[in-house]
Protein chains: 2
Amino acid sequence: MATQTEHGPRRERLAAALKQTRVNGLLITALPNIRYLSGFTGSNAALLVIGERALLFTDPRYQTQAPRESDCEVKIAKGPLAPEIHKWLKRLKVKSLGFEQNRISYEGYSELRDGMDGIRFKPIAGLVEALRLVKSPAEIATIRASVQLNSAALEQALRRFKSSMTEVDLAAEIEYRMRRLGADRPAFETIVASGERSALPHAHPTGHPIQGDQLLLVDMGAAVAGYASDMTRTYAVGRLDAKMRRMYRAVLESQLAAIDAVKPGVSCASVDRAAREVLRRYGLDKLFLHSTGHGLGLEIHERPRVGRKEGTKLEAGMAITIEPGVYAEGLGGIRIEDTVVVTERGSEVLTPTGKELAVL
Amino acid sequence: MATQTEHGPRRERLAAALKQTRVNGLLITALPNIRYLSGFTGSNAALLVIGERALLFTDPRYQTQAPRESDCEVKIAKGPLAPEIHKWLKRLKVKSLGFEQNRISYEGYSELRDGMDGIRFKPIAGLVEALRLVKSPAEIATIRASVQLNSAALEQALRRFKSSMTEVDLAAEIEYRMRRLGADRPAFETIVASGERSALPHAHPTGHPIQGDQLLLVDMGAAVAGYASDMTRTYAVGRLDAKMRRMYRAVLESQLAAIDAVKPGVSCASVDRAAREVLRRYGLDKLFLHSTGHGLGLEIHERPRVGRKEGTKLEAGMAITIEPGVYAEGLGGIRIEDTVVVTERGSEVLTPTGKELAVL
């Protein structure tokens, strides 16, 4: 778990990064970025970082919680946050202010700017996200705990699996096990999709019973102390025909090839290419409808995107998923996904759950 | 459950509302608004409504799901949605376009506008949300189902309550029961807060055991076929002292007074006032840290806000929460919340769960 003492040094790294821009300060409106820099976990906040000062704006619901969680100066706004922020922008004589252009609404931006004609507002993208790209050892430890909890939850839930169970029942069992094991919550809505529904990469679980001789796809993640894990496994419920077994083999080979490609200095695009090339050899690359993976941490989807056009070079300490899949409409889909950390020498697959085709 | 056939008439109402503005069309980027108008439930989409046409933009993950769920023209973008939207804005010769200013990021807006100099972009707030304010009978029926499921989940979970259970265990049990009963998911992170932690209006459940002679606050909601419910109950675990019992009585009286005030034509502010006045008589109004309630539907927080300054007049068919609370730091908090529908003659409390102080 990230300790309180990490927040100050993170803000120092931000202050250093801000010196490269031409603004006095930054207004942070993305909640995960606020949590990263201040420790605050509430649902309504803005963080103003100006030199060595960090002011955390929130509302009266959090007047007890905010000072407990955060070492920043807490400012409670009785109504909307903007007027309180304006007061401090004036008091601190701010001349130019960066704002998180992809994490503030057009309206939020308009309200921020309103009546502040003396200040130059500059859209800034991904500055805090860039600090979050490489995880600290404490963050990796938390992601590892999240991954292990997630796998334990799947194992416990599958022990209770019986065919004729509905997709919803299995999803409920999985999320219950996560929570009992100490997860904050599922990191995203658990996907349990059987039969041809597994061909929908983001299917909601239904009340349909999970029946024999078809595929069962489970995509699940836990949030533990704020940090996400992400895993997909595809099972055979009963027998699969030769075509599906071949598809499974192709996806597993593709996933292993992509993991093999992970090491510092390698671009995300070339990891994606490694996954795609295996599927191409099987003639299945056109059925691979998404990217090979994505970063994760305080959010379930973070930079880098492990995709076709992503030039970002991997660095030790990055945490990513590797999750190729093939989706045959009317037949079914197969996806295999692990959470992987880039190490000095290559990679470490954190996910302990087996990947050989298993029959439930 | 809202039926497929409701989406067309909703878009007709939107088209009529758009005629009052000075734009040809509207680009809808808020996912609940997209679901309301098109039926699509995916996580990445934009909906372009131009006259009688409705174009739904999404990505390849949803190429099978989107046409199943929606009667709109589905356009699949292989990368970001903006270039595909631009193509259609040109093809349809759009001259002026409204965009949802509070539901698009500053960056999303910049990308939308980029290279589209021939088009006048106009920020528009709350147009679709205004259509959603008054619920149809089918929507009310879905909210009712959501509320009933939520109460059934609490009842089932409390049957398994034992003191020494942790907050997390009870929250897990509640969410498991919701899912087993058929909820899509919890509408928000279930709050289970015992003892002085109940004074944090938005506490995350912890691993602390729920012990005797203190308060236990449970705030929970289900999403059922997309529609939210919301309920808070506060229990006595063992004995409460006279001061806390008096606080409970005050909050319950305040909640009943606010419900009594609900009827068509009454402003939200006066409902809020009714709640606050009771607490003032008890000398507890300064410990009431939030608004009396909020609308709910496809989102857990919708218009109207039932707050001090909200002039919106209630209308039959609106669905709101009534949830006054008092929070004494170091001692504990009490909140009582029901989901209420405004009817022609007054109101109907949908929540069937009892509100007299119960001892667990």
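Residues numbered from 1 in each chain as written. Chains lettered and ligands numbered in written order. Predicted model: local features only at pLDDT ≥ 70, side-chain atom pairs only at ≥ 80, totals over all residues. Heavy atoms only, no water.

Peer 1: Explain the overall build of chain A to me, and be specific about the residues and the numbers.
Peer 2: Within chain A one finds 10 helices and 19 strands. In terms of overall size, chain A behaves like a compact globule, its C-alpha atoms giving a radius of gyration of 23 Å where 360 residues would be expected to give roughly 21 Å. With respect to the three principal axes, the spread of C-alpha positions in chain A is 70 × 40 × 35 Å. Within chain A, buried positions represent 62% of all 360 residues. The contacts in chain A between residues at least 6 apart in sequence include a share of 66% that link residues at least 24 apart. Roughly 14,400 Å² of accessible area belongs to chain A as shown, and the carbon and sulfur atoms make up 50% of that amount. (Helix = DSSP H or I, 4+ residues; strand = E, 2+ residues; numbered from the N terminus. Rg over C-alpha atoms; globule rule 2.2 N^0.38 Å. Buried < 20%, exposed > 50% of the residue type's maximum accessible area, 1.4 Å probe, protein only. Contact = heavy atoms within 4.5 Å. Areas by Shrake-Rupley, 256 points an atom, 1.4 Å probe, with all protein chains shown as cover.)

Peer 1: I'd like a rundown of empty space enclosed by the protein, residues and numbers included.
Peer 2: Summed over all chains, the structure comprises one cavity of 30 Å³ or more. Here the largest cavity defines a volume of roughly 50 Å³. Lining of the largest cavity is provided by A172, E175, Y176, R179 and P186 of chain A together with A172, E175, Y176, R179 and P186 of chain B. Elements with a minimum of two residues in the lining of the largest cavity: α8 (167-180) of chain A together with α8 (167-180) of chain B. The residue makeup of the lining of the largest cavity, split by class, is six nonpolar, no polar and four charged. (1 Å grid on protein atoms, 1.4 Å probe; cavity = no way out; pocket = protein on both sides within 12 Å on 5 of 7 lines; lining within 4 Å. Points joined across faces, edges and corners; volume = space filled by probe spheres on them. Nonpolar A, V, L, I, M, F, W, Y, C, P; charged D, E, K, R; others polar.)

Peer 1: So what about the nonpolar core? Which residues, and what values?
Peer 2: Residues and elements named next belong to chain B. In this structure, V262, V271, L314 and I322 are the most contacted members of the largest nonpolar core, which totals 35 residues. Where this core is concerned, the elements lending two or more residues are α9 (242-261), α10 (268-281), β15 (319-322), β16 (325-328) and β18 (338-342). The biggest single contributor to this core is α9, with nine residues. The residues contacting V271, other than those within four sequence positions of it, are A258, A261, V262, V266, V306, L314 and I322. (Core = buried A, V, L, I, M, F, W, Y, C linked by side-chain atoms within 4.5 Å.)

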